[in-house]
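Commentary on secondary and tertiary structure
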Amino acid sequence: MVDVFCNPRLLTNIRDAKRTLTLYCNVGKSIISKKGDLKGYGTVMYYPDGIVNILSLHNVQKKHNVQKKHKVTVEQINTVTINTDL
């Protein structure tokens, strides 16, 4: 499971990663060689050519209490909120 961010404004301490990540998607293969720190979450891979920030649900569940809804609206799909006060 992997977390990948493309928005550098959300990250601090962007740096070279000791290990690269090969990411396969609909446009082919990308090699990710940077990582950064996401406040309140931890380290994520940084890929400035990406088009979306991705948090693995598996990784989020390790760090935060996640409540799943069985019926989800289109508006809820576009927004994820992590409540760190639980």
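Heads up: the structure comes first, above all this text.
The rules we used
- Residues numbered from 1 in each chain as written.
- Predicted model: local features only at pLDDT ≥ 70, side-chain atom pairs only at ≥ 80, totals over all residues.
- Heavy atoms only, no water.
- Helix = DSSP H or I, 4+ residues; strand = E, 2+ residues; numbered from the N terminus.
- Contact = heavy atoms within 4.5 Å.
- Areas by Shrake-Rupley, 256 points an atom, 1.4 Å probe, with all protein chains shown as cover.
- Buried < 20%, exposed > 50% of the residue type's maximum accessible area, 1.4 Å probe, protein only.
- Polar contact = N/O pair within 3.5 Å; in protein donor to acceptor, adjacent residues only side chain to side chain.
- Pairing = 2+ DSSP bridges.

Focus on the overall build of the protein
Each helix and strand counted, the protein has two helices and four strands in total. N-terminal to C-terminal, the α/β element order of the protein is β-β-β-β-α-α. Considering only intrachain contacts with a sequence separation of at least 6, the fraction spanning at least 24 residues in the protein is 46%. Just so you have it, the protein exposes about 6900 Å², and 52% of that area is on carbon and sulfur atoms.

Concerning the environment of Lys34
Tracing the backbone through its elements, the reader meets Lys34 in strand E3 (residues 28-38). On the basis of relative accessibility, which here comes to 33%, the residue Lys34 falls in the partly exposed class. The residues touching Lys34, leaving out its near neighbours within four places in the chain, are Ile14, Arg15, Asp16, Ala17, Met45 and Tyr46. Polar side-chain contacts of Lys34 include one of 2.7 Å to the side chain of Asp16.

What to know about the side chain of Asn7
Looking at where Asn7 falls in the secondary structure, it is placed in the loop between strand E1 (4-5) and strand E2 (11-25). The class for Asn7 is buried, based on a relative accessible area of 18%. There is a polar contact of 2.9 Å between the side chain of Asn7 and the backbone nitrogen of Arg9. Excluding residues that lie within four positions of it along the chain, Asn7 makes contacts with Tyr46 and Asn53.

Here's the deal with unusual backbone geometry
Generally, phi is negative for residues other than glycine and the peptide bonds are trans, each holding for most cases. Positive phi values are uncommon outside glycine, yet Asn13 reaches one of about 55°. Exposure remark for Asn13: the relative accessible area of 47% places this residue in the partly exposed category.

Some words on the sheet that holds E1
Strand order in the open sheet formed by four strands is E1-E4-E3-E2, and the pairing between neighbours is mixed. In the strand order of this sheet, the two ends are held by E1 and E2, each with one partner. Bridge analysis of E2 against E3 gives nine bridges, and the strand direction is antiparallel. Note that in E3 the partner of Cys25 across the bridge is Gly28.

Topic: the environment of Gln61
Tracing the sequence through the fold places Gln61 in helix H1 (residues 57-63). By relative accessible area, Gln61 is classed as partly exposed at 35%. Those residues within four positions of Gln61 in sequence are excluded, and the remaining contacts are Val66 and Lys68.

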